[in-house]
Amino acid sequence: MTDMDVVKYLTEKKVPVDRALKKYFSDINAFFEIMYYSIGGGKRIRPILAIASYEANGGKDSKQIMPIACGLELIHTYSLIHDDLPAMDDDDFRRGKAAAHKKFGEAMAILSGDGLFAHAFELFAQGNGLVKEKLMVIKAVSEVVGPKGVVYGQTLDISKEMSHNPVSLRRIHFNKTAKFIAVSVKCGAIMAQAPVPLINELYTAGIYMGMLFQYTDDILDVVGEKEKLGKTPGKDLAAGKLTAPAVYGLDGAMFRARRYAELANQKFSGLGKRFSVFNMITDFILHRTF
Ligand code: GRG
């Protein structure tokens, strides 16, 4: 697939996700509108990874995977809202518009995160049949987004005590970002009832992809443009954050990003041709500008 094909693929895959998200946030109560504000504008990489994995593993019923894909996006959006709060990364601009706390105030932003987190699990439990698989999804996701994963990664990320070295950097990237990307791929495989060894292989490949994702996020903080990113570049640098360019320099970070892309690509290729969509997404992440 060419660069254009991957952009077309991601654009097309985003449409039903956005449609479903809109549906899940319609006609409930006024607070859903407030939460929905923060959902608007994301790339939808995590839901697309879940759907791509479901389809590559032979899944055919979008009603099985869509609530789960959207649930992942809700948790991701929650993490962005809380990340932007003054007590955390303190950013006023997200997804091309005012961050939730700027638009609605801090209390509503905190509650939006809380609400999105709970609503995600309601969506995980929805969907056609597959009770055992849905429980596996709930277990897998709650394990990686909570205190063993994203929340832990965030505690390290905001800590002033972390030494600027490769081991600390890896721990932050692994927990804050890679596990969530990997579990998105894993959820699709679970819902398509893939065999457990394959689910685990896909998770490992997803970890390499997730490490790459955070590398390019760190690199874009240095070289990215505000309009394209929809968030403020240069913030990590200004705050003296522990990022890949801070540890390895920009060229070193780019070199290592390419290395993670190679590892992800090798792993996905080794799983067979039907997973080639993940090679193309990996290359997109390596070269992304937003
Ligand atoms: C709710 C899981 C959870 C955690 C609360 C605040 C917090 C603890 C964690 C923040 C973790 C964080 C912000 C990690 C960075 C991950 C990352 C690279 C985000 C950017 O993702 P994109 O580029 O954003 O996919 P869009 O806007 O396109 O969806």
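For the structure itself, consult the block above.
Thresholds applied
- Residues numbered from 1 in each chain as written.
- Predicted model: local features only at pLDDT ≥ 70, side-chain atom pairs only at ≥ 80, totals over all residues.
- Heavy atoms only, no water.
- Helix = DSSP H or I, 4+ residues; strand = E, 2+ residues; numbered from the N terminus.
- Rg over C-alpha atoms; globule rule 2.2 N^0.38 Å.
- Buried < 20%, exposed > 50% of the residue type's maximum accessible area, 1.4 Å probe, protein only.
- Contact = heavy atoms within 4.5 Å.
- Areas by Shrake-Rupley, 256 points an atom, 1.4 Å probe, with all protein chains shown as cover.
- Lys, Arg positive; Asp, Glu negative; His and termini not counted.
- Charge placed at Lys NZ, Arg CZ, Asp CG, Glu CD.
- Core = buried A, V, L, I, M, F, W, Y, C linked by side-chain atoms within 4.5 Å.
- Axes fitted to C-alpha atoms, helices over the stretch in contact; angles between N-to-C directions.
- Parallel < 35°, antiparallel > 145°, perpendicular 65-115°, else oblique.
- Left-handed = near helix turned anticlockwise from the far one by under 90°.
- Nonpolar A, V, L, I, M, F, W, Y, C, P; charged D, E, K, R; others polar.
- Phe/Tyr/Trp six-rings, centres within 6.5 Å; stacked < 30°, edge-to-face > 60°.
- Lys NZ or Arg CZ within 6 Å of the ring centre and 35° of its normal.
- Near = heavy atom within 4 Å.
- Polar contact = N/O pair within 3.5 Å; in protein donor to acceptor, adjacent residues only side chain to side chain.

Participant: Looking at this model, I keep getting lost on the overall build of the protein chain. Mind explaining?
Facilitator: The number of helices and strands found in the protein chain is 14 helices and two strands. Here the protein chain has a C-alpha radius of gyration of 18 Å; the compact-globule value for 290 residues is 19 Å, and the two agree. Taking the principal axes of the C-alpha coordinates as reference, the protein chain spans close to 50 × 50 × 35 Å. With 290 residues in all, the protein chain has 52% of them scored as buried. In the protein chain, of all internal contacts separated by at least 6 residues, the share reaching a separation of at least 24 is 74%. On the protein chain, roughly 13,200 Å² of surface is accessible, and the fraction owed to carbon and sulfur atoms is 57%. Computed over 38 positive and 32 negative side-chain charges, the separation of the two mean positions in the protein chain equals 5 Å.

Participant: I would appreciate a short explanation of the nonpolar core in the present structure.
Facilitator: Core analysis: the biggest nonpolar cluster contains 88 residues, and V141, M209 and F278 have the highest contact counts within it. Not counting residues up to four positions away in its chain, the partners in contact with V141 are L72, I75, F124, V183 and C187.

Participant: Whenever I open this one, the packing of helix α3 (residues 45-56) against helix α4 (residues 62-84) confuses me. Can you help?
Facilitator: Axes are the key here: two packed helices are described by the angle between their axes and the distance separating the axes. Contact pair α3 / α4: the axes reach a minimum separation of 8 Å and the direction vectors enclose 155°. Considered as vectors, α3 and α4 are oriented roughly antiparallel to each other. Two packed elements cross with a definite hand, and for α3 against α4 that hand is right-handed. Every residue of α4 that contacts α3 at R46, P47, A50, I51 and Y54 is listed here: Q64, I65, M66, A69, L72, E73 and H76. Broken down by class, the residue content of the contact of α3 with α4 amounts to eight nonpolar, two polar and two charged.

Participant: Whenever I open this one, the side chain of N175 confuses me. Can you help?
Facilitator: Position of N175 among the secondary structure elements: in helix α9 (residues 166-191). With sequence-adjacent residues up to four places away left out, N175 is seen in contact with K148, G149, V150, Y152 and G153.

Participant: Would you take a moment to explain the packing of aromatic side chains for this structure?
Facilitator: To describe a pair of aromatic rings, you give the distance between the ring centres and the angle between the ring planes. Taken as a whole and judged by the stated rule, the model has ten aromatic pairs. Ring geometry for F25 and Y36: centres 5.9 Å apart, planes at 35°, overall tilted. Separated by eleven residues along the polypeptide, F25 in the loop between α1 (3-24) and α2 (30-39) and Y36 in helix α2 bring together distant segments of the chain. Among the aromatic residues, those joined into a cluster by ring pairs are Y78, F117, F121 and F124. For the cation-ring pair, R46 lies above F213, with the distance from its terminal atom to the ring centre recorded as 5.3 Å. The ring centre of Y37 lies 4.2 Å from the NZ or CZ of K97, which sits over that ring.

Participant: What am I meant to see in the side chain of H76 here?
Facilitator: By secondary structure assignment, the location of H76 is in helix α4. If we skip the residues at most four places from it in the chain, H76 touches R46, R95 and F180.

Participant: How do you make sense of the packing of α4 against helix α7 (residues 131-145) when you look at a structure like this?
Facilitator: Running from N to C, α4 and α7 cross one another at 15°; their axes reach a closest spacing of 12 Å. Regarding the angle of α4 to α7, the classification is roughly parallel. Where α4 crosses over α7, the handedness of that crossing is right-handed. For the pair α4 and α7, the contacting residues are I68, L72 and I75 in the first and K134, V137, V141 and V145 in the second. Considering only residue class, the contact of α4 with α7 consists of six nonpolar, no polar and one charged.

Participant: Sorry, what's going on with the site of the ligand here?
Facilitator: Every one of the 21 residues lining the ligand counts as a neighbour, but K43, R46, H76, Y78 and R95 are closest to it. Between an oxygen atom of the ligand and a side-chain N or O atom of H76, the distance comes to 2.7 Å. For the ligand, whose unbound accessible area comes to 750 Å², protein coverage reaches 94%. Those elements that provide at least two residues to the shell around the ligand are α4, α8 (150-158), α9 and α10 (196-223). For the shell around the ligand, the residue count by class is seven nonpolar, seven polar and seven charged.

Participant: Help me understand α2 in this model?
Facilitator: Note that an α-helix has 3.6 residues per turn; residues three or four places apart therefore point the same way. Among all positions of α2, only F32, I34, M35, Y37, S38 and I39 are buried. The distance from a side-chain oxygen at the start of α2 to the backbone nitrogen of F31 is 2.9 Å, and the residue carrying that oxygen is N29.

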